[in-house]
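As a plain string of letters, each chain reads:
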Amino acid sequence: VQLVESGGGLVQPGGSLRLSCAASGFTFSSYAMAWYRQAPGKERELVATITSVGGSTNYADSVQERFTISRDNGKQTVYLQMNSLKPEDTAVYYCNARSFVFDYWGKGTLVTVSS
């Protein structure tokens, strides 16, 4: 099983980034997917989720209206489009795949929002 995040980097406040998470080794379409983040010195927090069927989404209040989670089951990839980025969005972003039985994590990608 692998979850490989990409797309992180340095961006100025107000800018945009799109994170990708490529999955392999499990039945991607059967898993709910999520993005978490962990800022320096803080606990990991849930950013956004998307269901396996129907693609219903939920967001943390702090990213509502700025971030969009989506998935492409054919490409076994989940995305996080991040707009209007703020310095407080700086964190390592992790991809998560979850079923009733299993819980998989990627290694993370660093997003730094700074001028």
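Report follows, based on the coordinates.

Rules and cut-offs
Residues numbered from 1 in each chain as written. Predicted model: local features only at pLDDT ≥ 70, side-chain atom pairs only at ≥ 80, totals over all residues. Heavy atoms only, no water. Pairing = 2+ DSSP bridges. Helix = DSSP H or I, 4+ residues; strand = E, 2+ residues; numbered from the N terminus. Axes fitted to C-alpha atoms, helices over the stretch in contact; angles between N-to-C directions. Disulfide = S-S within 2.5 Å. Buried < 20%, exposed > 50% of the residue type's maximum accessible area, 1.4 Å probe, protein only.

**A closer look at the sheet that holds strand β3 (residues 17-24)**
Reasoning step 1: The strand order β1-β3-β8-β7 describes an open sheet built from four strands, whose pairing is antiparallel. Of all strands in the sheet, those with a lone pairing partner are β1 (2-6) and β7 (67-72), marking the two edges. Averaged over all neighbouring strand pairs, the angle between strand axes comes to 15°, with direction disregarded.
Reasoning step 2: In terms of strand pairing, β7 meets strand β8 (residues 77-82) through six bridges, oriented antiparallel.

**Section: the state of the cysteines**
Reasoning step 1: Scanning all chains against the criterion turns up one disulfide.
Reasoning step 2: In this model, cysteine 21 is linked to cysteine 95 through a disulfide, with the two sulfur atoms separated by 2.1 Å. In this structure the cystine formed by cysteine 21 and cysteine 95 twists about its S-S bond by roughly -85°; its chirality is therefore left-handed. Taken together, the positions of cysteine 21 in strand β3 and cysteine 95 in strand β9 (residues 91-98) put the pair 74 residues apart, joining distant regions of the chain.

**Some thoughts on the pairing of strand β4 (residues 32-38)**
Reasoning step 1: A large share of β4 lies buried, amounting to five of its seven residues.
Reasoning step 2: For β4 and β9, the ladder comprises seven bridges, and the chain directions are antiparallel. Note that in β9 the partner of arginine 37 across the bridge is tyrosine 93.
Reasoning step 3: Direction of pairing for β4 relative to strand β5 (residues 45-50): antiparallel, over a ladder of five bridges. Residue pairing across strands places tyrosine 36 opposite leucine 46, the latter belonging to β5.
Reasoning step 4: Once β4 ends, the chain turns through six residues before running back antiparallel as β5, passing glycine 41 with a positive phi of about 75°.

**A look at the pairing of β3**
Reasoning step 1: Of the pairings in the sheet, the one linking β1 to β3 comprises five bridges and is antiparallel in character. If you follow leucine 3 over to β3, its bridge partner there is alanine 23.
Reasoning step 2: As judged from the six bridges shared by β3 and β8, these two strands associate in the antiparallel manner. Bridge pairing links alanine 22 to threonine 77 in β8.

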